[in-house]
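Structure assessment
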Amino acid sequence: MARDHRDYYYWQAKKLGYRSRAAFKLLQMNRTFKLIRDGDWVLDLGASPGGWSQVAVELGAKVVAVDINPMKPIEGVTFVRGDITKEETLNEIRKIREKFDVVLSDASPKITGKWTIDHLLSIDLARAAFNVARQVLKEGGSFVVKIFQGEEIQNLFNEFKPFFRFKKFHSPKASRKSSAEIYFVGKGFKKP
Ligand SMILES: C[S@@+](CC[C@H](N)C(=O)[O-])C[C@H]1O[C@@H](n2cnc3c(N)ncnc32)[C@H](O)[C@@H]1O
């Protein structure tokens, strides 16, 4: 029998008009780390169906959202349909805006159910997100990226570490207890 995923956050998202329960993860991380400020430019990678973009707009940000899959329009959000691992997607983003205050990535690979494969695929996506971030993030900017936990996580942390004044892994309350996901949060972007 399929598992019922309709938990507290699912119903809260329905009630408050968010497109995904993931919206609460960004709300919680923003409360903890003060990531998005009024007037910021936010790049939302792996954005569809748009919960994080909705939250960013509510916080007063101007948003560029990117996904391989389509996304229904949101006022205040410019959508780019593209693969974040492709150079052409970075070029499309730059046509809209050269520099961002915040780069977010909630991008997830297609889940195979095999822990190690899913972990390694998510590491590749996180590296792709960081490759975009390091080219468009303003000095002092913030970066958040989802990773499925596994043995490569410390290596990834060591790669990201020199680029941020503040850095840590964080698991928001709205992440499912059973989930392998964790978020890298980096603040104070700097070129090492
Ligand atoms: C968990 S969903 C994001 C949910 C979103 N944060 C929200 O609040 O609605 C992950 C998304 O990552 C996207 N994705 C996966 N690989 C991608 C890639 N290489 N480039 C762009 N988007 C990708 C998927 O299409 C999917 O829409």
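Scroll up a little and you will see the structure.
Rules used throughout
- Residues numbered from 1 in each chain as written.
- Predicted model: local features only at pLDDT ≥ 70, side-chain atom pairs only at ≥ 80, totals over all residues.
- Heavy atoms only, no water.
- Pairing = 2+ DSSP bridges.
- Helix = DSSP H or I, 4+ residues; strand = E, 2+ residues; numbered from the N terminus.
- Axes fitted to C-alpha atoms, helices over the stretch in contact; angles between N-to-C directions.
- Buried < 20%, exposed > 50% of the residue type's maximum accessible area, 1.4 Å probe, protein only.
- Phe/Tyr/Trp six-rings, centres within 6.5 Å; stacked < 30°, edge-to-face > 60°.
- Left-handed = near helix turned anticlockwise from the far one by under 90°.
- Contact = heavy atoms within 4.5 Å.
- Nonpolar A, V, L, I, M, F, W, Y, C, P; charged D, E, K, R; others polar.
- Near = heavy atom within 4 Å.
- Polar contact = N/O pair within 3.5 Å; in protein donor to acceptor, adjacent residues only side chain to side chain.
- Areas by Shrake-Rupley, 256 points an atom, 1.4 Å probe, with all protein chains shown as cover.
- 1 Å grid on protein atoms, 1.4 Å probe; cavity = no way out; pocket = protein on both sides within 12 Å on 5 of 7 lines; lining within 4 Å.
- Sits in = over half its atoms within 2 Å of the grid points.
- Points joined across faces, edges and corners; volume = space filled by probe spheres on them.

Glancing now at the sheet that holds strand E4 (residues 100–105). Note on sheets: strands pair through backbone hydrogen bonds, and any given pair is parallel or antiparallel. Taking strand neighbours across the sheet as the criterion, the seven strands line up as E3-E2-E1-E4-E5-E7-E6 in an open arrangement whose pairing is mixed. Looking at which strands have only one partner, the edges of the open sheet turn out to be strand E3 (77–81) and strand E6 (164–170). Across the sheet, the mean angle separating the axes of adjacent strands is 15 degrees when strand polarity is ignored. With five bridges joining them, E4 and strand E5 (residues 137–148) adopt parallel strand pairing. Bridging across to E5, Val102 finds its partner in Ser142.

Within helix H3 (residues 51–58), six of the eight residues are buried, which leaves the element mostly enclosed by the surrounding structure. Buried residues of H3: Gly51, Trp52, Ser53, Gln54, Val55 and Ala56, and no others. Gly60 sits one or two positions beyond H3 and adopts a positive phi of about 95 degrees.

Counted under the stated rule, the structure contains 21 aromatic pairs. Here the aromatic rings of Phe143 and Phe160 are separated by 5.8 Å at their centres, their planes lie at 75 degrees, and the arrangement is edge-to-face. Residue Phe143 is located in strand E5, and its partner Phe160 is located in helix H6 (residues 153–160); the two are separated by 17 residues in the primary sequence. Each member of the pair, Phe143 as well as Phe160, carries the same accessibility label: buried. On the basis of an interplanar angle of 70 degrees and a centroid distance of 5.8 Å, the ring pair of Phe157 and Phe184 is categorised as edge-to-face. Taken together, the residues span a long stretch of sequence, with Phe157 in helix H6 and Phe184 in strand E7 (residues 181–189) at a distance of 27 residues. Like Phe184, Phe157 is buried. Pairwise contacts between aromatic rings join Phe130, Phe143, Phe157, Phe160, Phe163, Phe164, Phe169, Phe184 and Phe189 into one cluster.

Right, let's get into the packing of helix H4 (residues 87–96) against helix H5 (residues 115–136). Where H4 contacts H5, the two axes come as close as 11 Å, and the packing angle between them is 35 degrees. In terms of crossing hand, the pair formed by H4 and H5 is right-handed. From H4, Leu90, Ile93 and Arg94 reach across to H5, where they touch Val132, Gln135 and Val136. Broken down by class, the residue content of the contact of H4 with H5 amounts to four nonpolar, one polar and one charged.

So, on to the site of the ligand. For the ligand, the set of nearby residues contains 20 residues, the closest of which are Ser20, Gly51, Asp67, Asp83 and Asp106. One of the backbone nitrogen or oxygen atoms of Trp52 is found 3.0 Å away from an oxygen atom of the ligand. In this structure, Asp106 approaches the ligand through a side-chain N or O atom, which is 2.8 Å from a nitrogen atom. Coverage of the ligand by the protein amounts to 85% of the 600 Å² it exposes when considered alone. Spatially, the ligand is embedded in the largest pocket.

A word on the layout of surface pockets. What the largest pocket holds in volume is close to 1,000 Å³. As for the largest pocket, its lining consists of 35 residues, of which Asp106, Ala107, Ser108, Pro109 and Lys146 are closest to the centre. It is H5 that provides the largest number of residues to the lining of the largest pocket, a total of three residues. In terms of residue class, the lining of the largest pocket is made up of 13 nonpolar, 10 polar and 12 charged.

Time to look at the environment of Tyr10. One can find Tyr10 in helix H1 (residues 8–16). Linking Tyr10 and Ala174, residues 164 residues apart in sequence, is a C-alpha distance of 9.9 Å.

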